[in-house]
Amino acid sequence: MKTHVDMEKVLFSKEEISEKVAEVAKQISADYEGKNPLLICVLKGASVFFVDLIREISIDVEMEFMSVSSYGNSTQSSGRVKIEKDVGIDLTGRNVIIVEDIVDTGNTLFNLRKLLSARGASDVKICCLLDKPSRRTADIKPDYVCFEIPDEFVIGYGLDYAEKYRNLDCVGVIKSSAVMGSSSK
Ligand code: 5GP
């Protein structure tokens with residue numbers, strides 16, 4: 001296992017993650033049989049999860065990549081998400097699955113889901129590696145979740161702190177000594 005001196009404890013090993021990712025992929029394959037869903041990877045954090053997930057899905061799927069940052073909160077109306085990199089195709093009538101690393105307050109996904117629905121997607125579901133339900137402020141409930149976690153800052157398997165640790169193959173809690181006082185996307 002590729003762990004790190006800055007990781008206080010491992011929450012999920014490489015093996016536990018791959019087992020769970022395969023389970024979620026099997027569920028998506030069953031739910032979307034014959035629907036050719038469009039899986040949208042939210043960069044950068046979801047990238048590692050995304051490439052593992054799609055390779056376990058047994059039906060035809062398409063993939064796109066987006067990079068977004070969220071402004072405001074879920075009580076504000078539309079347009080609260082800044083798109084840094086957009087999808088390259090028309091979403092009209094598509095069954096979309098947003099693939100995200102972690103749902104925290106839910107604000108980013110609340111705004112992104114609204115935006116993609118407004119573009120004509122027939123259905124927008126959410127698949128995440130990690131869910132921190134205790135932190136939720138927006139009206140978001142992910143449809144596919146690999147693991148629920150408590151309110152701790154985690155790194156590894158795509159998730160960073162100040163752009164580090166994305167290459168670790170497990171997910172774990174960062175040591176407080178490695179944190180400089182603020183978190184990064
Ligand atoms: P939300 O809009 O749900 O509050 O923000 C979700 C984003 O916050 C995630 O996509 C991720 O980039 C970041 N985030 C939230 N919690 C964590 C965490 O524990 N670790 C890391 N690395 N990023 C987190």
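Residues numbered from 1 in each chain as written. Predicted model: local features only at pLDDT ≥ 70, side-chain atom pairs only at ≥ 80, totals over all residues. Heavy atoms only, no water.

## Some remarks on helix H1 (residues 14-31)
The end-to-end C-alpha separation of H1 is 26 Å, in line with the 26 Å expected for 18 residues at 1.5 Å each. Among the residues of H1, Ile17, Val21, Val24, Ala25, Ile28 and Ser29 are the ones counted as buried. Across the axial projection of H1, the buried residues extend over an arc of 145 degrees, all falling on one side. Of the residues in H1, the exposed ones pointing more than 90 degrees away from the buried face are Glu15, Glu19, Lys26 and Ala30. Residues of H1 that are buried make contact with strand S1 (7-12), helix H2 (47-56), strand S5 (95-103), strand S6 (123-131), strand S7 (144-148) and strand S9 (171-174). (Helix = DSSP H or I, 4+ residues; strand = E, 2+ residues; numbered from the N terminus. Expected span 1.5 Å × (residues − 1). Buried < 20%, exposed > 50% of the residue type's maximum accessible area, 1.4 Å probe, protein only. Arc of directions from axis to C-beta. Contact = heavy atoms within 4.5 Å.)

## Section: the pattern of salt bridges
Within this structure, the stated rule accounts for 13 salt bridges. The shortest N-O distance in the salt bridge between arginine 94 and glutamate 62 comes to 3.3 Å. With arginine 94 in the loop between strand S4 (81-85) and S5 and glutamate 62 in strand S3 (residues 62-70), this pair connects stretches of sequence that are 32 residues apart. Look at arginine 94 and you get buried, because its relative accessible area is 15%. The salt bridge involving aspartate 151 is made with arginine 135; its shortest N-O contact spans 4.0 Å. With aspartate 151 in the loop between S7 and strand S8 (154-155) and arginine 135 in the loop between S6 and S7, this pair connects stretches of sequence that are 16 residues apart. Look at aspartate 151 and you get partly exposed, because its relative accessible area is 48%. One salt-bridge network, held together by shared partners, links Lys44, Asp160, Glu163 and Arg166. (Salt bridge = Lys/Arg side-chain N within 4 Å of Asp/Glu carboxyl O.)

## Focus: the packing of aromatic side chains
Considering all chains together, one arrives at 3 aromatic pairs under this definition. Taking 3.8 Å as the distance between ring centres and 15 degrees as the angle between the ring planes, the aromatic pair formed by phenylalanine 12 and phenylalanine 147 counts as stacked. Pair noted here: phenylalanine 12 is in strand S1 and phenylalanine 147 is in strand S7, with a separation of 135 residues, a long-range link. Ring geometry for phenylalanine 153 versus tyrosine 161: centroids 6.0 Å apart, planes at 85 degrees, classification edge-to-face. When its relative accessible area of 30% is taken as the criterion, phenylalanine 153 is described as partly exposed. On the basis of relative accessible area, tyrosine 161 is assigned to the buried category, the value being 6%. Sitting above the plane of the tyrosine 32 ring, lysine 35 keeps its charged end 5.8 Å from the centroid. (Phe/Tyr/Trp six-rings, centres within 6.5 Å; stacked < 30°, edge-to-face > 60°. Lys NZ or Arg CZ within 6 Å of the ring centre and 35° of its normal.)

## Side note on the site of the ligand
Taken together, 15 residues form the shell around the ligand, and within it Thr105, Gly106, Thr108, Val154 and Asp160 come nearest. A distance of 3.3 Å separates an oxygen atom of the ligand from a polar atom in the side chain of glutamate 100. One of the backbone nitrogen or oxygen atoms of aspartate 104 is found 2.9 Å away from an oxygen atom of the ligand. For the ligand, whose accessible area on its own is 510 Å², the fraction buried by protein is 90%. (Near = heavy atom within 4 Å. Polar contact = N/O pair within 3.5 Å; in protein donor to acceptor, adjacent residues only side chain to side chain. Areas by Shrake-Rupley, 256 points an atom, 1.4 Å probe, with all protein chains shown as cover.)

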